[in-house]
Amino acid sequence: MVEQQLRGRDVVDERVLAAMERVPRELFVPDRLQPRAYEDAALPIGEGQTISQPYIVALMTDLLDPKSADTVLEVGTGSGYQAAVLAELVAKVYTIEIVEPLGRRARQVLGELGYRNVEVRVGDGYGGWPAAAPFDAIIVTAAPAAVPQPLIDQLKPGGRMVIPVGGSSEVQQLLVVEKDPDGRTTTRRTLPVRFVPLTRDRGTKQ
């Protein structure tokens, strides 16, 4: 997967490529789809959700620029695959999933694989994880209409957030949001993407 799909594209961090090689992607997809686990495509994981294609997982991780001592927040656990990749690279991952069956399954798989530096919570990720904040980096794997202010607030000065933004009927943009030492943020677009909407409690989408 790494040699055929990732190396030579936009992913340049060898640590990220090595992490992608180590994580068994087939364990994060339904049994019937395991033969397709390493295709460069998004795959359904149930509950109307998907596991992102390997290239997008690698690119978002690369854009996050994770460091070994970092504490990272992930909003949208899904299958747990992105959390596993991050767990290979950073000190601690906090990940939130609003769909309870997916959150429980991800917690189980991550535990079985021995990722002791990942904490999974079932809940609304729009407000982040205040008790564990601030974070060195934040990654969001579902698309809100705008960058949630609580996530900006929970990002450390000098930190970075990677997030897709845009409505389900719009062209979404993958953004990199950086907070400078004075707390000001800058945002840059990287490429158009398509993610499931970031769903809130009460069934609303923001």
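That block above? That's the structure.
Right, let's walk through the structure included here. These numbers were taken from a predicted model, which means no experiment stands behind them.

**Re unusual backbone geometry**
Alright, step 1. Here the amide bond leading from Ala 133 into Pro 134 is cis, since omega sits at 5°, within 30 degrees of zero.
Alright, step 2. Inspection of the secondary structure assignment puts Pro 134 in the loop between strand S5 (118–122) and strand S6 (135–140).
Alright, step 3. The backbone of Glu 47 shows a phi angle near 60°, a positive value even though the residue is not glycine.
Alright, step 4. Relative to the helices and strands, Glu 47 is located in the loop between strand S1 (43–46) and strand S2 (49–51).

**Here we look at the packing of aromatic side chains**
Alright, step 1. Considering all chains together, one arrives at three aromatic pairs under this definition.
Alright, step 2. Pairing Tyr 94 with Trp 129 gives two aromatic rings, centres 4.9 Å apart and planes at 70°, and the pair type is edge-to-face. Here Trp 129 lies in the loop between S5 and S6 and Tyr 94 lies in strand S4 (residues 92–97), a separation of 35 residues in the sequence.
Alright, step 3. A relative accessible area of 17% places Tyr 94 in the buried class.
Alright, step 4. The buried category is assigned to Trp 129, whose relative accessible area is 7%.

**Digging into the sheet that holds strand S3 (residues 71–75)**
Alright, step 1. Sheet architecture is open: seven strands sit in the order S5-S4-S3-S6-S7-S8-S9, paired in mixed fashion. Whereas interior strands pair on both sides, the edge strands pair on one side only; in this sheet they are S5 and strand S9 (185–193). On average, adjacent strands in this sheet sit at an angle of 15° to one another, irrespective of strand direction.
Alright, step 2. Strand direction decides the pairing type here: strand S8 (residues 172–179) and S9, joined by eight bridges, are antiparallel. Across the sheet, residue Val 177 finds its bridge partner in S9, namely Thr 187.
Alright, step 3. Sheet contacts for helix H3 (residues 54–64): S3, S6, strand S7 (155–165), S8 and S9; angle to S7, the most-contacted strand, approximately 155°.
Alright, step 4. Along the sheet face, helix H5 (residues 100–112) touches S4 and S5 and points at about 165° away from the line of S5.

**So, the pattern of salt bridges**
Alright, step 1. Scanning the entire structure with this criterion turns up 10 salt bridges.
Alright, step 2. The partner of Asp 124 in a salt bridge is Arg 200, and the shortest N-O contact between them spans 2.8 Å. Taken as a pair, Asp 124 in the loop between S5 and S6 and Arg 200 in the segment after S9 lie far apart in primary sequence, 76 residues in all. In terms of burial, Asp 124 and Arg 200 fall into one category: buried.
Alright, step 3. A salt bridge links Arg 184 to Asp 180; the shortest N-O distance between them is 3.3 Å.
Alright, step 4. On the accessibility criterion, Asp 180 (24% relative accessible area) is partly exposed.

**Some remarks on the side chain of Thr 141**
Alright, step 1. With respect to the secondary-structure elements, Thr 141 resides in the loop between S6 and helix H6 (149–153).
Alright, step 2. Within the local environment of Thr 141, its side chain forms a polar contact with the backbone oxygen of Gly 76, the two atoms lying 2.5 Å apart.

**Looking at the side chain of Gln 154**
Alright, step 1. Along the polypeptide, Gln 154 turns up in the loop between H6 and S7.
Alright, step 2. Gln 154 sits in the buried class, given a relative accessible area of 8%.
Alright, step 3. Within polar-contact distance, the side chain of Gln 154 engages the backbone oxygen of Gly 127 at 2.8 Å.
Alright, step 4. In this structure, Gln 154 is in contact with Leu 73, Gly 127, Gly 128, Trp 129, Pro 130, Ala 133, Pro 134, Phe 135 and Ile 138, ignoring residues within four places of it in sequence.

Quick notes on the rules
Here the residue numbers are simple positions, counted from 1 along each chain's written sequence. Per-residue local features of the predicted model are confined to residues with pLDDT of at least 70, and side-chain atom pairs are confined, for both listing and counting, to 80 or more; whole-chain, interface and lining totals are unaffected and use all residues. Heavy atoms throughout the structure, all of them, feed into the side-chain values; hydrogens and water do not. A run of H or I in DSSP counts as a helix once it spans at least four residues, and a run of E counts as a strand once it spans at least two, with each numbered from the N terminus. Only Phe, Tyr and Trp rings are paired, with Trp represented by its six-membered ring, and only when their centres lie within 6.5 Å; those with planes under 30 degrees apart are stacked, over 60 edge-to-face, the remainder tilted. For every residue, the accessible area (1.4 Å probe, protein chains only) is compared with the maximum for its type, and the residue is labelled buried under 20%, exposed over 50%, or partly exposed between those bounds. Any two strands with at least two DSSP bridges between them are considered paired. As a rule, the C-alpha atoms of each element are fitted with a line to give its axis, helices using only the stretch in contact, and angles between N-to-C directions run from 0 to 180 degrees. Any two residues having at least one pair of non-hydrogen atoms within 4.5 Å are treated as being in contact. Salt bridge, as applied in this entry: a Lys or Arg side-chain nitrogen positioned within 4 Å of an Asp or Glu carboxyl oxygen. Definition of a polar contact: a pair of N or O atoms within 3.5 Å, with one able to donate and the other able to accept a hydrogen when the atoms are protein atoms, and with sequence-neighbouring residues admitted only if both atoms are side-chain atoms.

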